[in-house]
Amino acid sequence: MLMQLIRISMWQADTLRRERSLTRAAAHELKTPAAVVRSYAEALREDIAPEKREEYLSVLMDEADRMGALVCNLLELSRMEGKEKRFRREEVDLTALVEGAVQRLGRLAEEQSIHLALDLEPVRIEGERMCLEQVVDNLLSNALRHTPPGGEIRLVLTRRDRMIRLAVENDGEPIPPEDLGRLFETFWRGEKELARAGGSGLGLALVREAVRLHGGFCGAENIPGGVRFWVELPGR
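As a starting point, this report considers the structure included with it. Counting from 1, residues in each chain are numbered in the order their sequence is written. Local features are withheld for residues below a pLDDT of 70 in this predicted model, meaning they are given only at 70 or higher, and side-chain atom pairs are given and counted only at 80 or more; totals for whole chains, interfaces and linings count all residues. Calculated side-chain values reflect all of the structure's heavy atoms, with hydrogen atoms and water omitted.

Structural notes on the overall build of the chain
Then, in step 1: From N to C terminus, the chain includes 7 helices and 7 strands.
Then, in step 2: Each residue is placed in one exposure class: buried if its accessible area under a 1.4 Å probe, protein chains only, is under 20% of its type's maximum, exposed if it is over 50%, and partly exposed if it falls in between. Within the span of the chain, comprising 236 residues, buried residues form 40% of the whole.
Then, in step 3: Whether two residues touch is decided by their heavy atoms; if any such pair falls within 4.5 Å, the residues are in contact. Within the chain, contacts between residues separated by at least 24 positions form 71% of all contacts whose residues are at least 6 apart in sequence.
Then, in step 4: Calculation of accessible area relied on Shrake-Rupley with a 1.4 Å probe; when residues are assessed, cover is drawn exclusively from the protein chains displayed. Element-wise, carbon and sulfur atoms account for 54% of the exposed surface of the chain, whose accessible area totals about 14000 Å². Each helix corresponds to a stretch of at least 4 residues labelled H or I by DSSP, and each strand to a stretch of at least 2 residues labelled E; elements are numbered beginning at the N terminus.

So, in structure tokens, the structure goes:
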């Protein structure tokens, strides 16, 4: 009984530390777009040229979208971190799910002249469809954000013994070795990512949490001419 109480107390303390860390990180992430919104809103109150007004309104809309996406991702991450007891599994056609993600995001690739190459084995898995969709969508979105125009993204789905592996490879610059182990941390972004001002720092953290719920693993590595992100999940 005493050991059980100790374990519960340790779990509660760990949960409180994660919540405090997430709150601090969220406040930091929201501070910049909030400051931008206030600055541009104040500028709009002044008598500025019409062409500047359109530019300022565009910035305000972009920052509002950024904050909205951040809040949605925070809610989703919180939902995942506390859903072990409510995790509902069903049979999911993972091959069709990957094809669906490619169809949804294919237009973004076309706009950047990025070629999407698929090498998918027929694979079915036990899991929560929404979580698995988010894994694929976030990995593909991440690849699109870092692939240069005219480059290629390759999605490879294979079964190895009892494990299912999805790899998303994209052409582009390599990731600094010291950053590879931190890519899936909540709100973490390397210097190059910060310079681009892209992403919320939550997409890969959501991938990590969804994969963890399914009893799997995820990682990233540099390959010749680009980068590979991968997840491995227990098969049927």
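Anyway, onward from the coordinates.
Thoughts on the packing of helix H4 (residues 129-146) against helix H7 (residues 203-213)
Any two packed helices are characterised by how steeply their axes cross, that is the angle between the axes, and by the distance between the axes.
Then, in step 1: Only the contacting stretch of a helix is used when fitting its axis, a line to C-alpha atoms as for every element, and angles between N-to-C directions run 0 to 180 degrees. Direction vectors running N to C along H4 and H7 enclose 145°, while the axes themselves pass 9 Å from each other. Crossing handedness for the pair H4 and H7: left-handed. Packed against H4, whose contacting residues are Cys131, Gln134, Val135, Asn138, Leu139 and Asn142, the element H7 presents Gly203, Leu204, Leu206, Val207, Ala210 and Val211 at the interface.
Then, in step 2: Looking at the contact of H4 with H7, its residues break down into 8 nonpolar, 4 polar and no charged. In this scheme, a crossing is called left-handed if the near helix is turned counterclockwise away from the far one by less than a right angle; it is called right-handed if the turn is clockwise. Polar here means any residue other than Ala, Val, Leu, Ile, Met, Phe, Trp, Tyr, Cys and Pro, which are nonpolar, and Asp, Glu, Lys and Arg, which are charged; Gly is therefore polar.

Section: the pairing of strand E6 (residues 217-223)
Then, in step 1: Of the pairings in the sheet, the one linking E6 to strand E7 (residues 226-234) comprises 7 bridges and is antiparallel in character. Bridge pairing links Glu221 to Arg228 in E7.
Then, in step 2: Between E6 and E7, which pair antiparallel in sequence order, lie 2 residues; one of them, Gly225, sits at a positive phi of approximately 80°. Two strands pair if DSSP finds at least two bridges between them.

Notes on the packing of aromatic side chains
Then, in step 1: Each pair of aromatic rings taken from Phe, Tyr and Trp, with Trp reduced to its six-membered ring, is defined by centres within 6.5 Å and is described as stacked if the planes are under 30 degrees apart, edge-to-face if over 60, and tilted in the remaining cases. Following the criterion strictly, the structure yields 1 aromatic pair and no others.
Then, in step 2: Between the aromatic rings of Phe184 and Phe229, the centroid separation amounts to 6.1 Å while the plane-to-plane angle is 65°, which identifies the pairing as edge-to-face. In this pair, Phe184 is assigned in the loop between helix H5 (177-180) and helix H6 (191-196) and Phe229 in strand E7, connecting sequence segments 45 residues apart. An identical accessibility class is assigned to Phe184 and Phe229; each is buried.

Quick word on the pattern of salt bridges
Then, in step 1: Should a side-chain nitrogen of Lys or Arg be within 4 Å of a carboxyl oxygen of Asp or Glu, the pair is scored as a salt bridge. All told, the structure shown has 14 salt bridges when counted by the stated rule.
Then, in step 2: Between Asp93 and Arg124 there is a salt bridge; the shortest N-O distance is 3.5 Å. Within this pair, whereas Asp93 is found in strand E1 (residues 90-93), its partner Arg124 is found in strand E3 (residues 124-127), the two being separated by 31 residues in sequence.
Then, in step 3: Asp93 gets classed as partly exposed once you look at its relative accessible area, which sits at 26%.
Then, in step 4: Salt bridges here are not isolated pairs; linked through shared partners, they connect Glu152, Arg154, Arg165, Glu169, Asp171, Glu221, Arg228 and Glu232.

Quick notes on H7
Then, in step 1: Taking burial as the measure, the 11 residues of H7 include 8 buried ones, the bulk of the element.
Then, in step 2: Gly215 sits one or two positions beyond H7 and adopts a positive phi of about 75°.

Focus: the packing of helix H3 (residues 94-111) against H4
Then, in step 1: Close contact between H3 and H4 brings their axes to 10 Å; oriented N to C, the two are set at 35°. Note on packing geometry: the crossing formed by H3 with H4 is right-handed. Between H3 and H4, the contacting residues are Leu97, Val98, Ala101, Val102, Arg104, Leu105, Leu108 and Ala109 on the first element and Arg129, Leu132, Glu133, Val136, Asp137, Leu140, Ser141 and Leu144 on the second.
Then, in step 2: Its residues assigned to classes, the contact of H3 with H4 shows 11 nonpolar, 1 polar and 4 charged.

Some remarks on the environment of Ala210
Then, in step 1: Of note, Ala210 is situated in helix H7.
Then, in step 2: Look at Ala210 and you get buried, because its relative accessible area is 0%.
Then, in step 3: Each C-alpha atom of the pair Ala210 and Gly127 lies 9.9 Å from the other, and the pair is 83 residues apart in sequence.

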